[in-house]
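# Structural overview for review
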Amino acid sequence: MKKLKVGIIGAGGIANNHAHYYRELPDVELSAVADVAQDRAREFALRWGIPPDGVFSEFSEMLRSVELDAVSICTPHKVHAKPAVEALKRGIHVLVEKPMASCGSEALEMYKAARSSGKILMVGFQTRWSPELRVAKRIVASGALGRVYYAETTLGGRRRGIPGSATFTKKDLAGGGVLLDLGCYAIDNIMFVLGHPKPLAVSASIESAVGGQKDALVEGGWAWNPESFEVEDFVSAFIRFENGLTVLLKESWAMHLETLGSPFILGTKGGLRLSPLELYRDEWGYMANTSFKLPQVDIYRERIRNFVEAVKKGGPSPIDPREIVMEMFIIDSIYESASKRKEVDVKLPAELFS
Ligand SMILES: NC(=O)c1ccc[n+]([C@@H]2O[C@H](COP(=O)([O-])OP(=O)(O)OC[C@H]3O[C@@H](n4cnc5c(N)ncnc54)[C@H](O)[C@@H]3O)[C@@H](O)[C@H]2O)c1
């Protein structure tokens, strides 16, 4: 059996998670790694059994020099689009970490490159394999909630949880803060469950509330540098969709509160809390709450396994990249509305519908 040759671009924290699950698969060989920090690339190669001639400091050189079937892109958000487009143009399948990119136009370029190459472009939202979200999606699609008119989405926020790596907090690497890091999940989760309704307009605000404070208390293993904190740590956004649906998004990396609550969906015939999953309906003449016994799933294992299976079959991507491009344009509109301090239209590119 010919093994799939996989390369890793960016050998930091999450790259180890990719390598761990690739290595579980007998038909995958970790063949190359590239990181601008060469020591990190070398250590990574030693840890995961990548041969010395598969270690690079330049991802372009890696893509040129090694015959790869697929790559995982685990670099800072602003360094997702370039390697993805380059790999796709060379006929290499791509698994790129979330967020897809730092803005909609980069995401669109990536999608166009995937479309012309016919190769897989999968954004690594491991949450797509969450049993709660998958069941919630089926409940919404069944019509059991009636007409869905309102939802709130959040991961719950963190009291003190700003990532220490410049990957997340320096503007030229991250592009943005908590909206890109956690907000992208909150948006993908609710869009996945609701079946990607068409977004129309956004009114939003972002704040750098705690991250820049030199005297802010830091607990729980998080250690960021307030001196070089250049992005937002709070976002709230009110998003209008077609058919009257509205969604409130809220997320925080650092706040003076335990939690921003949990996500939920309201419909005319039922409501859903997403975490933990609970269905609220009028049943048999009474108000009834249904809870679910759901399996434990290693969602990180599932994302790598499903990506590799798709590569072996030659597609399609387990996560349609057009869905995530749409979400990136919502993110653009959130930043635009926050900076203009007024509601703005979501301008979706025509390519998403052709
Ligand atoms: N899915 C998840 O659960 C999850 C968890 C953490 C991070 N992430 C995402 O993964 C990405 C990386 O996050 P991280 O925590 O591993 O960050 P990190 O800072 O630990 O690692 C990033 C690595 O990329 C390298 N790098 C930067 N520019 C490069 C370039 N031009 N070429 C090659 N390498 C380059 C850096 O040297 C660093 O080693 C981010 O987009 C982040 O949002 C996803």
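Residues numbered from 1 in each chain as written. Predicted model: local features only at pLDDT ≥ 70, side-chain atom pairs only at ≥ 80, totals over all residues. Heavy atoms only, no water.

The next thing to look at is the site of the ligand. What surrounds the ligand is a group of 26 residues, the closest being Asp35, Arg40, Ser165, Thr167 and Tyr300. Glutamate 97 has a polar side-chain atom sitting 3.0 Å from a nitrogen atom of the ligand. Protein chains bury 85% of the 850 Å² of accessible surface belonging to the ligand in isolation. If you list the elements that add at least two residues to the shell around the ligand, you get helix H1 (13-23), helix H7 (166-169) and helix H10 (299-313). Each of domain 1 (4-126 + 299-315) and domain 2 (129-297 + 331-345) gives at least three residues to the shell around the ligand. (Near = heavy atom within 4 Å. Polar contact = N/O pair within 3.5 Å; in protein donor to acceptor, adjacent residues only side chain to side chain. Areas by Shrake-Rupley, 256 points an atom, 1.4 Å probe, with all protein chains shown as cover. Helix = DSSP H or I, 4+ residues; strand = E, 2+ residues; numbered from the N terminus. Domains from an automatic or database assignment.)

By a widely used convention, the size of an interface equals the accessible area lost when the partners come together. Split into domains, the protein chain comes out as domain 1 (4-126 + 299-315) and domain 2 (129-297 + 331-345). Domain 1 puts 17 residues into the contact, and the matching count from domain 2 is 16 residues. Interface area for domain 1 against domain 2, summed over the two sides, is near 1,500 Å², with a carbon-plus-sulfur share of 65%. For lysine 98, the salt bridge identified is with aspartate 181, shortest N-O distance 2.8 Å. Seen at the junction of domain 1 and domain 2, the total is seven residue pairs in polar contact (both at pLDDT 80 or more). Contributions of two or more residues to the side of domain 1 that touches domain 2 are made by helix H5 (104-117) and H10. Among the elements that take part in the side of domain 1 that touches domain 2, H10 stands out by supplying four residues, more than any other. Here the residues of the side of domain 1 that touches domain 2 are counted per class, giving seven nonpolar, six polar and four charged. (Contact = heavy atoms within 4.5 Å. Buried area = accessible area lost by both parts, 1.4 Å probe. Salt bridge = Lys/Arg side-chain N within 4 Å of Asp/Glu carboxyl O. Nonpolar A, V, L, I, M, F, W, Y, C, P; charged D, E, K, R; others polar.)

Once that is clear, we can look at the side chain of threonine 127. You can see threonine 127 is positioned in the loop between strand E6 (121-123) and helix H6 (131-142). Setting aside its immediate chain neighbours within four residues, threonine 127 contacts Leu133, Tyr185, Asn189 and Ile299.

Looking now at the environment of alanine 11. Position of alanine 11 among the secondary structure elements: in the loop between strand E1 (4-9) and H1. Separated by 30 residues in sequence, alanine 11 and alanine 41 place their C-alpha atoms 5.8 Å apart.

Right, let's get into the nonpolar core. In this structure, Tyr22, Val71, Ile265, Leu272 and Ile334 are the most contacted members of the largest nonpolar core, which totals 116 residues. Ranked by the residues each element gives to this core, the list is headed by helix H9 (residues 178-194), at 13 residues. Inspection of this core shows a minimum of three residues originating in each of domain 1 (4-126 + 299-315) and domain 2 (129-297 + 331-345). With residues near it in sequence (within four places) discarded, valine 71 still touches Gly7, Ile9, Met62, Leu63, Ala87, Ile92, His93, Val94, Leu95 and Phe307. (Core = buried A, V, L, I, M, F, W, Y, C linked by side-chain atoms within 4.5 Å. Buried < 20%, exposed > 50% of the residue type's maximum accessible area, 1.4 Å probe, protein only.)

Turning to its location among the elements, tryptophan 129 is positioned in the loop between E6 and H6. Beyond its immediate stretch of four places on either side in the chain, tryptophan 129 contacts Met122, Arg134, Val297, Ile299, Glu302, Arg303, Asn306, Pro318 and Ile319.

On to helix H11 (residues 321-340). Here H11 is 20 residues long and its end C-alpha atoms lie 29 Å apart, about the 28 Å a rise of 1.5 Å per residue gives. Judged by how many residues are buried, H11 sits mostly within the fold: 14 of 20 residues are covered. Where H11 ends, the next residue or the one after it, arginine 341, has phi of about 60 degrees, a positive value. (Expected span 1.5 Å × (residues − 1).)

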